[in-house]
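Architecture at a glance
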Number of protein chains: 2
Amino acid sequence: MSQLNTEVLSVGTELLLGHITNTDARDLSELLSGIGINVKYHTVVGDNPERLRACVQIARKRADILITTGGLGPTCDDLTKQVLAEAFGLRLVQDEAELRGLYDYIHNSSHYTENNLSQAMLPEGCTVFHNKWGTAPGCAFRADGKIVLMFPGPPKECVPMFREYGISYLRALSDEQIVSHSVRIFGIGESAVDDIFAEEMNAMVNPTMAPYAKECDCLLQITAKAKSEAEAEAMIRPVAEHVKERLGEWVYGTDVECLEEAVLQLLLERRLTFATAESCTGGEIAKRFTDIPGASSAFVGGAVVYTNGTKARILGLDPDMIEEKGAVSYEVAKALAENVRTLTGADIGIGVTGLAGPDSDGVHEVGTVFVSMAVEGRTYVRELHMGTKRTRSFIRRMSGNHAFDMMRRWLTGLKVEIVI
Amino acid sequence: MSQLNTEVLSVGTELLLGHITNTDARDLSELLSGIGINVKYHTVVGDNPERLRACVQIARKRADILITTGGLGPTCDDLTKQVLAEAFGLRLVQDEAELRGLYDYIHNSSHYTENNLSQAMLPEGCTVFHNKWGTAPGCAFRADGKIVLMFPGPPKECVPMFREYGISYLRALSDEQIVSHSVRIFGIGESAVDDIFAEEMNAMVNPTMAPYAKECDCLLQITAKAKSEAEAEAMIRPVAEHVKERLGEWVYGTDVECLEEAVLQLLLERRLTFATAESCTGGEIAKRFTDIPGASSAFVGGAVVYTNGTKARILGLDPDMIEEKGAVSYEVAKALAENVRTLTGADIGIGVTGLAGPDSDGVHEVGTVFVSMAVEGRTYVRELHMGTKRTRSFIRRMSGNHAFDMMRRWLTGLKVEIVI
């Protein structure tokens, strides 16, 4: 199946106007790569039947699997369904189950009208993907040697529907099962990971292994093909173990999305909590952690101390000490972590102070950040120098990653201080 | 010029693997739409000369302006430049100024090698876009009746380069100047805006007007074409005034990116500061505000009080009151705003408490949020019910927008309480 070329065709004028970003194409591509399907093209076209028709003709020539996002539902006259069905010589027929569901929905909602019933019209013989996250159903069919899957455009409908229906539909097409796992890495970059494994990777056929850079960390993806999922898993296991052994403390998890997710898991296991005192990150660490549902079991809160005044008023830092050492200093970072831990009663206190730019304070270079952690009577401080070429958003995000990494290391018994 | 069809062709295997999102296409499309150029297609293709060549052939058939992002620089062997130059029958020749610049860069940097010098090879006769944000230069040329522009892939190079060179290069091609302004709206939705202006918009030819939905607010874009920029501006002015008069207090700014940007401006003008006490938003309001450089002049900091314990410990809320009224209540919201204002000494205190989901507290529905503002001896509270179908991230973001909207309204002398 991995030899089948795939194109993701997104339909929506708002994408071409730049009003929204095509996150669907990214999310679907990542999920497809996870089951070993290669995406060769993304195309975006507006809500225009003629241009969509032309794009479908191009896509069917160069791809075997065609996945559409958007252009379903009443506001666009079910454009995508109409054009795709016609292109593959299929009629649209009424799906009774979807029709009943839509009737119920309309009678319980003031936002929808009889217009919406057209959504129950689907290509004859297709597999219907019921939309539990919205109203427009998706579908899949095979015709003319091609495989076509259609999903609605809103990401919160498209992505869960693809996870629930798309993955298994595509898996079922093949007697070969493809499984992929990602080893997540923080502390060394993608090119260093590449250097370490270059020779091995070149020699690998199945499973394969490839490193990828994320914004502030990286990952190594291991992919195996086999007759069954279990067999593929068994092929990956020793490779993953080898990678973890070789990279050691740089590995923060497998198949996790980010450092904070790994930290939440560790805190829950140990029944520990933390609190934050953020200066230059301005609430970013708290925000990121509380993006995860269930964060409240491990995070009590903390302070955003953006000025020297609030460092003193909320966290009781000594104004003379701040004056003497400077807001961006080892001492202030240390006091932030210690004081927020005491104030909140959390097990771990995290502090961050630094220069996210664009302006310097005249003393330090932009990109200078102190990240601290107070726990069990000891305070650890990392001094970071990220370089003046980094953006404000990178510096803030990377500072957060260091805070999470310090917690992860302490929670797993690793050395917290590392050389950057 | 607005009749010229444009295609944005992004080159990069990492986009097809879903490791990064194609924000370049979005950002460029928005900037292009601002000068009245219609983008008709986005295409993404991997780092593969054969497939890129085929995509270029398709693009030159259906578009007049072809803008590439990515595939410049040494890591991809300057793929895009090679393929595009060849497709339009141009040789690559050495650009002396770029070569000198690269020599200097290499001698001052440990990361680059002689390999990088190939970046100074550019299509003969092209306009060179010097890259002040990285090393790979961009360029533009006209050939075979088509206009081709190339930019590097990293967003922090691509977008500023397009702003600096792309916009003026494209403007200079036309004797018609196109100007566009966006009136930003919060408090009523895009469809309501559409209803209000539908008849007028249908009758408009030049300027034109169109509403667009953003995640938690919306905008009305007004675009005029004229012989000069000044003339186009003069044509837009009365329309913008009319829109602002008609929509009144729902308009929070023109050509601003978000509510927090408008609020920062207002706070700076009045030399006022604010502080935040965030429960369910978990630092999101502080984080969003401090994303803006210069936020420290108007934002002192505050508390993230994710548990009842921190509401009491950091902000001194009465635990019995929290127990009696519930953490998600009018009274707790009120106390959050008032206490954080007192604690920090800021002019305005903001409080947020609510249920962002996915789990309910058994008392309130997910999407119930109280947003409060304490200022000049008075406290305002908005009670929001966003519905149980909203995502955690929407509820958190929308709560933040309400906090910023309350400040905006108070700062501009409008009524703060509105009916949701």
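Given the structure is predicted, the values throughout are model-derived calculations rather than measurements.

A short note on the overall build of chain A
- Helix and strand counts for chain A stand at 14 helices and 17 strands.
- Projected onto its principal axes, the C-alpha positions of chain A cover 80 × 55 × 40 Å.
- Counting the 420 residues in chain A, one finds 58% classified as buried.
- Contacts spanning at least 24 positions in sequence make up 66% of the contacts within chain A whose residues lie at least 6 apart.

With respect to the layout of surface pockets
- Estimated volume of the second largest pocket: approximately 590 Å³.
- Lining the second largest pocket are 27 residues; nearest its centre among them are A:Leu17, B:Gly36, B:Asn38, B:Thr208 and B:Tyr212.
- Contributing elements (two or more residues each) for the lining of the second largest pocket: helix H1 (13–16) of chain A together with helix H2 (23–34), strand E2 (39–45), strand E10 (208–213) and strand E11 (218–226) of chain B.
- Looking at the lining of the second largest pocket residue by residue, the class counts come to 11 nonpolar, 12 polar and four charged.

Here we look at the relation of the copies chain A and chain B
- Between chain A and chain B, which share one sequence, the superposing operator has a rotation angle of 180° and an axial displacement of 0.1 Å; the RMSD is 0.1 Å. Expressed as a symmetry operation, the mapping of one chain copy onto the other fits a two-fold axis.
- Comparing interface residues between copies, 98% of those in chain A also lie at the interface in chain B; the contact surface is shared.

Side note on the packing of aromatic side chains
- As enumerated under the stated definition, the model contains 20 aromatic pairs over all chains in all.
- Ring centres of A:Phe289 and A:Phe404 lie 6.1 Å apart, and the angle between their planes is 25°; this geometry places the pair in the stacked category. Here A:Phe404 lies in helix H14 (residues 392–411) and A:Phe289 lies in helix H10 (residues 284–290), a separation of 115 residues in the sequence.
- Look at B:Phe129 and B:Phe151: their rings are 5.4 Å apart centre to centre, the planes differ by 20°, and that puts the pair in the stacked class. Of this pair, B:Phe129 sits in strand E6 (residues 127–129) while B:Phe151 sits in strand E8 (residues 146–151); the two residues are 22 residues apart in sequence, bridging distant segments of the chain.
- On the basis of relative accessible area, B:Phe129 is assigned to the buried category, the value being 2%.
- Following the ring pairs from residue to residue traces out a cluster consisting of A:Phe129, A:Phe151, A:Phe162, A:Tyr165 and A:Tyr169.

Overview of the pairing of strand E9 (residues 177–185) of chain B
Residue and element names in this part refer to chain B.
- Across the nine residues of E9, nine count as buried, placing the element largely inside the fold.
- Side chains Gln177, Val179, His181, Val183 and Ile185 project from E9 onto one buried face, and the interleaved Ile178, Ser180, Ser182 and Arg184 project onto a second face that is buried too.
- As paired strands, E9 and E11 are joined by nine bridges and run antiparallel to one another. Considered in E11, the bridge of histidine 181 is made with isoleucine 222.
- Where E9 and strand E12 (residues 251–254) come together, three bridges link them in antiparallel fashion. Bridge pairing in E12 links isoleucine 185 to valine 251.

A few points about the interface of chain A and chain B
- On the side of chain B, 65 residues touch chain A, which itself brings 65 residues to the contact.
- Summing both sides of the interface, chain A and chain B together bury roughly 5400 Å²; the carbon and sulfur share of this comes to 58%.
- Close ionic contact of B:Arg396 with A:Asp291 constitutes a salt bridge, the shortest N to O distance being 2.9 Å.
- Applying the counting criterion to the chain A and chain B interface returns 32 residue pairs in polar contact (both at pLDDT 80 or more).
- Sheet topology note: the strand E14 (residues 299–305) of chain A/strand E14 (residues 299–305) of chain B ladder contains five bridges and is antiparallel. The residue of E14(B) that forms the bridge with A:Gly302 is B:Val304.

Concerning the environment of B:Leu411
Residues and elements named next belong to chain B.
- Mapped onto the secondary structure, leucine 411 falls in helix H14 (residues 392–411).
- Classification of leucine 411 by relative accessible area gives buried; the value is 7%.
- Residues leucine 411 and glutamate 269 lie 142 residues apart in sequence; the distance between their C-alpha atoms is 9.9 Å.
- Sequence-distant contacts of leucine 411, defined by excluding residues within four places in its chain, comprise Val263, Leu266, Leu267, Arg270, Leu272 and Ile348.

Notes on the sheet that holds E12(B)
Residue and element names in this part refer to chain B.
- Spatial strand order, E10-E11-E9-E12: four strands in an open sheet with antiparallel pairing. Only two strands of the sheet have a single neighbouring strand rather than two, namely E10 and E12. Taking the axes of each pair of neighbouring strands and ignoring which way they run, one obtains an average angle of 25° across the sheet.

Details of the packing of helix H3 (residues 49–62) of chain A against helix H4 (residues 79–87) of chain A
Residue and element names in this part refer to chain A.
- Axis separation between H3 and H4 bottoms out at 10 Å; the angle between their running directions is 50°. Of the possible angle classes, the one that applies to H3 and H4 is oblique. Seen along the crossing, H3 lies across H4 with a hand that is right-handed. Between H3, through Pro49, Leu52, Arg53, Val56, Gln57 and Arg60, and H4, the contact on the second element is made entirely by Leu79, Thr80, Val83, Leu84, Glu86 and Ala87.
- The class makeup of the residues in the contact of H3 with H4 is seven nonpolar, two polar and three charged.

A word on empty space enclosed by the protein
- For the structure shown, the criterion picks out one cavity of 30 Å³ or more.
- What the largest cavity holds in volume is close to 110 Å³.
- Residue lining of the largest cavity: 16 residues in total, with A:Asn22, A:His42, A:Val44, B:Asn22 and B:Val44 positioned closest to the centre.
- Elements supplying a minimum of two residues to the lining of the largest cavity: strand E2 (39–45) of chain A together with H2 and E2 of chain B.

Comments concerning the packing of helix H9 (residues 259–270) of chain B against H14(B)
Residues and elements named next belong to chain B.
- Close contact between H9 and H14 brings their axes to 9 Å; oriented N to C, the two are set at 35°. The way H9 lies across H14 gives a crossing that is left-handed. Across the interface between the two elements, Leu259, Glu260, Val263, Leu266, Leu267 and Arg270 of H9 pack against Asn401, Phe404, Asp405, Met407, Arg408, Trp410 and Leu411 of H14.
- Tallied by class, residues from the contact of H9 with H14 come to eight nonpolar, one polar and four charged.

Some remarks on the pairing of strand E16 (residues 368–375) of chain B
Residue and element names in this part refer to chain B.
- For E16, the tally of buried residues reaches eight of eight residues, placing the bulk of the element in the interior.
- Residues Thr368, Phe370, Ser372 and Ala374 point to one face of E16 and Val369, Val371, Met373 and Val375 to the other, with burial holding for every one of them.
- Pairing of E16 with strand E17 (residues 378–385), which is carried by eight bridges, proceeds in the antiparallel orientation. Residue pairing for E17: valine 369 is matched across the bridge by leucine 384.
- Count of turn residues in the E16/E17 antiparallel hairpin: two residues, of which glutamate 376 carries a positive phi of about 45°.

Concerning the sheet that holds strand E11 (residues 218–226) of chain A
Residue and element names in this part refer to chain A.
- Overall, antiparallel pairing links the four strands, which are arranged E10-E11-E9-E12 in an open sheet. Each edge of the open sheet carries a strand with a single partner, namely strand E10 (208–213) and strand E12 (251–254). Averaged over neighbouring strand pairs, the angle between their axes works out to 25° when direction is ignored.
- Packing against the sheet, helix H2 (residues 23–34) makes contact with strand E9 (177–185) and E11, and its axis sits at approximately 115° to E9.
- The strands touched by helix H8 (residues 229–247) within the sheet are E9, E10, E11 and E12, with E11 carrying the most contacts at an inclination of about 150°.

What counts as what
Sequence order sets the numbering: in each chain, residues are counted from 1 along the sequence as written. Each chain is given a letter, starting from A, and each ligand a number, starting from 1, according to the order in which they appear as written. Per-residue local features are limited, in this predicted model, to residues with pLDDT of at least 70; the limit for side-chain atom pairs, both in listing and counting, is 80 or more; totals at the level of whole chains, interfaces and linings are taken over all residues. Based on all heavy atoms of the structure, the side-chain values leave hydrogens and waters out of the count. Strands here mean DSSP runs of E at least two residues long; helices mean DSSP runs of H or I at least four residues long; both are numbered from the N terminus. The classification of residues rests on relative accessible area computed with a 1.4 Å probe and restricted to protein chains. Under 20% of the type maximum is buried, over 50% is exposed, and intermediate values are partly exposed. Pairs of residues are marked as contacts when any of their non-hydrogen atoms sit within 4.5 Å. Cavities and pockets were defined on a 1 Å grid built over protein atoms only: a cavity is a set of grid points that admits a 1.4 Å probe from which the probe cannot escape, a pocket is an open set flanked by protein on both sides within 12 Å along at least five of seven lines, and lining residues are those with an atom within 4 Å of any such point. Grid points are joined across faces, edges and corners, and a volume is the space filled by probe spheres set on the points. In this classification, the charged set is Asp, Glu, Lys and Arg, the nonpolar set is Ala, Val, Leu, Ile, Met, Phe, Trp, Tyr, Cys and Pro, and all remaining amino acids, among them Gly, are polar. In this comparison the copies share one frame, found by least squares on the C-alpha atoms of residues holding pLDDT of at least 70 in both. Two rings from Phe, Tyr or Trp (for Trp, the six-membered ring) form a pair when their centres are within 6.5 Å of each other. A pair whose planes differ by under 30 degrees is stacked, one over 60 is edge-to-face, and the rest are tilted. Here a strand pair is declared whenever DSSP counts at least two bridges between the two strands. Accessible area that two parts lose when put together, with a 1.4 Å probe and added across both, is what the buried area reports. Here a salt bridge means any side-chain nitrogen of Lys or Arg lying within 4 Å of a carboxyl oxygen belonging to Asp or Glu. Any N or O atom pair separated by 3.5 Å or less is treated as a polar contact, with the protein-specific requirement of one donor-capable and one acceptor-capable atom, and with residues adjacent in sequence counted only for side-chain atom pairs. Axis definition: a line fit to C-alpha positions, over the contact stretch in the case of helices; interaxial angles, taken between N-to-C directions, run 0 to 180 degrees. Orientation labels follow simple angle bins: below 35 degrees gives roughly parallel, above 145 gives roughly antiparallel, 65 to 115 gives roughly perpendicular, and whatever is left gives oblique. Note on convention: the crossing is left-handed when the near helix lies turned anticlockwise from the far helix by less than a right angle, right-handed when the turn is clockwise.

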